[in-house]
Amino acid sequence: MLSFAAAWVVYQNALSSGIAATAQAGQVRLSEVTSTLRLQLSGFRTLANVLANEPILQTALVTAPDAELRDWLADFQLTYGAWHIDLADPQGRIIASSGPAREGQQVTPRLMAAALNARLEFEHVREGGVRLTRFARGLFTADHVPLGVVVVSAEMAALEFEWPVAPEPVVFFDADNQSFIANRPELLGLSLTAAPDAGGFPILRQPGPHALWRLGPPANSQGDVLRLERFIAPLDLRAEIFVSVAPAQEAARLRFALALATALVIGLIGAIAVQQRRQLAFEADYSATLEARVEARTAELRKAQGELVEASKLAALGRLSAGISHELNQPLAAILNFAENGRKFLAKGRVDPVSDNLALIGDQVRRMTRIINNLRAFARKEVMPTEPISFRAVVENAYGLVAADLAKAGVAASLSLPDDDVDVLAGRVRLEQVVLNLLTNAMDAMATSTDKNLLVSLDSTGSSAALTVRDTGSGIQDPDRVFEPFYTTKNLGASQGLGLGLSLALGIIQQFGGQLSCRNLAQGAEFKITLPLLEDTQDV
Ligand code: ADP
């Protein structure tokens, strides 16, 4: 709609300026035509002036016209292309003429009065369908006595004939608004004051702001026309030209189409731009909302994570306390038991069993010390001294400690040791504790398995020794977490389940400059301790 309005403005502007240019051209054309007519008529006017001073005519008026005079007038008429040249007496009666038939006719009083007053007068007349303009001039004696009048008539059709052919109708209206001269025969003899359908001049005003007209048939081939006029006072004629505005309208229509197309294209581009901006704004909005949501969610998660950490810390603490209590309660209960037994045996005077029981109490106390030491080591990450030891002996020892339990649990265990000793730099008790932990873990993992096989093998390859412990148990549930402190899948009530074993083991092995790793097998799990061989550590 806006595009159309813009194009309409362009059209109106183009039309206005086109019409203005047409009007200018029309005025030029009109002045050309009027100049031509004035020039044509001024010839006849001059002729009347010249003839008024001709002695032959003066003589003829005093004496009487003869045949020679008539020939003389006919010569002049032919030479100058006049319609007639008449000589009239002071009463207006034509006494001689280039057309003899006119002799005896009367010159109009208007022409006579002016001419006898020594003025050149003219009139436009229609005589038997012939349109004439007559110029009259008085002839006088030397002492100004009027002798008569000479009248030169020009035929309009002859003048029109000399005009160049022009596309625009040009019409000269006389004082009565009758079309008197025109370059279109069909526009002659028509009155502007009568209606077109009653013999009037066929022109109709067109509606619209540009004062356009339309000529009636048959001169209507031009379409809308501009009507320009010019009054020619010396001839008492008003000239009108009807210039077609079709080229201006055509050009304006073209501009309209162009403007409309351009406006539509601009509109389309604008619409696309607006749409894109909306889309961008929407996307920006959306991503801002999304960002805000993500931030809020992240904050929530962080909070939840924080809470979870707190909760798991508490839970871990709980588990730790429960685990410690459990671990310590067992030896304490045993100590109590052994002490009771010892007392009873002592009461009975049996010293040997008392000694046995005291030894057992000592064992339990050592066990408790070990547990407490482990906890301390874990808490303080204490660096304890290392010494060259036999890895082989450590493995053998640890294996020996669990061998009975393994057999009791129905585990088919095999120990594979190298022939040569494998010396490493480590803490004997701590390394044994680690191996023991791996063995008991394996045993625990196979508790519910039907297939219970344990393979413990120590190898030394190149610069390191490796102990692998393979079982056919349940497999590791979460291999990434087994070395985390307090990570356990075991019940707290069971003999183990502190979740500290592997995390301590890892710390210990790392202290010895080695590695502890694990992986799942097709059935069961494999744990591997790698330690640098003593020769190598000493070399370094
Ligand atoms: P705990 O034995 O007190 O649970 P650990 O740190 O020794 O603590 O072990 C942590 C966890 O690692 C165990 O609870 C168990 O889930 C897993 N794990 C350890 N050894 C094995 C194994 N041989 N097979 C399967 N899972 C194991």
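First things first, this report covers the structure right here in the doc. Small disclaimer: the values here were computed from a predicted structure and weren't measured.

1. Notes on the overall build of the chain
Step number 1: A count of helices and strands for the chain gives eleven helices and 18 strands.
Step number 2: Rg of the C-alpha trace for the chain: 69 Å, well past the compact-globule value of 24 Å for 540 residues, more than 25% over.
Step number 3: Reported as C-alpha extents along the three principal axes, the dimensions of the chain are approximately 210 × 50 × 45 Å.
Step number 4: Sorting the 540 residues of the chain into buried and exposed places 41% on the buried side.

2. Regarding the sheet that holds strand S16 (residues 464-471)
Step number 1: Across the sheet, which stays open at both edges, the five strands sit in the order S13-S15-S16-S18-S17 with mixed pairing between neighbours. Across the chains shown, the open sheet's two edge strands, defined by having one partner strand only, are strand S13 (412-416) and strand S17 (515-520). Strand after strand, the sheet turns through a mean of 15° between neighbouring axes, direction not considered.
Step number 2: Relative to strand S18 (residues 525-532), S16 runs antiparallel, the two being bridged by seven bridges. Along S18, the bridge assignment pairs Ala 466 with Thr 530.
Step number 3: Each of S17 and S18 touches helix H10 (residues 501-511); the most contacted strand, S17, lies at about 135° to it.

3. Section: the site of the ligand
Step number 1: Around the ligand there are 20 residues in total, and Asp 471, Thr 488, Thr 489, Lys 490 and Leu 502 lie nearest to it.
Step number 2: Within the contact set of the ligand, an oxygen atom lies 2.9 Å away from a side-chain nitrogen or oxygen of Asn 441.
Step number 3: A distance of 3.4 Å is found between an oxygen atom of the ligand and a backbone nitrogen or oxygen belonging to Gly 501.
Step number 4: For the ligand, the protein covers 96% of the area, taking 540 Å² as the surface of the free molecule.
Step number 5: Looking at the shell around the ligand, the elements that each hand over two or more residues are helix H9 (428-445), H10 and S18.

4. So, the sheet that holds strand S11 (residues 237-244)
Step number 1: Overall, antiparallel pairing links the six strands, which are arranged S7-S6-S11-S10-S9-S8 in an open sheet. Two strands close off the open sheet at either side, each with one partner strand: strand S7 (179-182) and strand S8 (203-205). Geometrically, the sheet is characterised by an average inter-axis angle of 40° between neighbouring strands, direction not taken into account.
Step number 2: Together, strand S6 (170-173), S7, strand S10 (224-232) and S11 form the strand contacts of helix H1 (residues 2-52), whose direction differs from that of S10 by roughly 40°.

5. Regarding a nonpolar patch on the surface
Step number 1: Together, Phe 282, Tyr 286 and Leu 290 give the surface a local cluster of nonpolar side chains, amounting to about 320 Å² of exposed area.
Step number 2: As for its placement among the helices and strands, Leu 290 is situated in helix H6 (residues 246-347).
Step number 3: Leu 290 sits in the partly exposed class, given a relative accessible area of 35%.

6. Structural notes on the pattern of salt bridges
Step number 1: Considering all chains together, one arrives at 25 salt bridges under this definition.
Step number 2: Here Glu 103 ties to Arg 70 by a salt bridge, and the two come within 2.4 Å at their closest N and O atoms. Residue Glu 103 is found in the loop between strand S2 (94-97) and helix H4 (109-116), and its partner Arg 70 is found in helix H3 (residues 67-80); the two are separated by 33 residues along the sequence.
Step number 3: We classify Glu 103 as partly exposed; its relative accessible area is 25%.
Step number 4: Two residues, Arg 253 and Glu 250, come together in a salt bridge whose shortest N-O distance is 3.2 Å. With Arg 253 and Glu 250 both in helix H6 and three residues apart, this pair spans about one turn of that helix.
Step number 5: Residue Arg 253 is classed as partly exposed on the basis of its relative accessible area, which comes to 41%.
Step number 6: When salt bridges with common partners are traced through the structure, they connect Asp 86, Arg 102, Glu 123, Glu 127 and Arg 134 into a single cluster.

7. Section: the pairing of strand S1 (residues 84-88)
Step number 1: For S1, the tally of buried residues reaches five of five residues, placing the bulk of the element in the interior.
Step number 2: Alternating residues of S1 divide into His 84, Asp 86 and Ala 88 and Ile 85 and Leu 87, and every residue in both groups is buried.
Step number 3: As defined by bridge partners, S1 adjoins strand S5 (residues 146-155) across five bridges and the pair is classed as antiparallel. When the sheet's bridge partners are listed, Leu 87 is paired in S5 with Val 150.
Step number 4: Taken together, the three bridges between S1 and S2 define a ladder with antiparallel strand orientation. Considered in S2, the bridge of Leu 87 is made with Ala 96.
Step number 5: Taking the residues that link successive antiparallel strands as the turn, the S1-S2 hairpin has five residues, and the phi of Gly 92 there is positive, at about 95°.

8. Quick word on the environment of Leu 228
Step number 1: In this fold, Leu 228 is placed in strand S10.
Step number 2: Overall, Leu 228 belongs to the buried group, its relative accessible area being 10%.
Step number 3: Note: C-alpha distance between Leu 228 and Ala 466 (238 residues apart in sequence) is 120 Å.
Step number 4: For Leu 228, the contacting residues outside a window of four places in its chain are Ala 23, Gly 26, Gln 27, Leu 30, Ala 239, Glu 240, Ile 241 and Val 243.

The rules behind these values
Residues numbered from 1 in each chain as written. Predicted model: local features only at pLDDT ≥ 70, side-chain atom pairs only at ≥ 80, totals over all residues. Heavy atoms only, no water. Helix = DSSP H or I, 4+ residues; strand = E, 2+ residues; numbered from the N terminus. Rg over C-alpha atoms; globule rule 2.2 N^0.38 Å. Buried < 20%, exposed > 50% of the residue type's maximum accessible area, 1.4 Å probe, protein only. Pairing = 2+ DSSP bridges. Axes fitted to C-alpha atoms, helices over the stretch in contact; angles between N-to-C directions. Contact = heavy atoms within 4.5 Å. Near = heavy atom within 4 Å. Polar contact = N/O pair within 3.5 Å; in protein donor to acceptor, adjacent residues only side chain to side chain. Areas by Shrake-Rupley, 256 points an atom, 1.4 Å probe, with all protein chains shown as cover. Patch = residues over 30% accessible without salt bridge, like charges linked within 9 Å, V, L, I, M, F, W, Y side chains within 5 Å. Salt bridge = Lys/Arg side-chain N within 4 Å of Asp/Glu carboxyl O.

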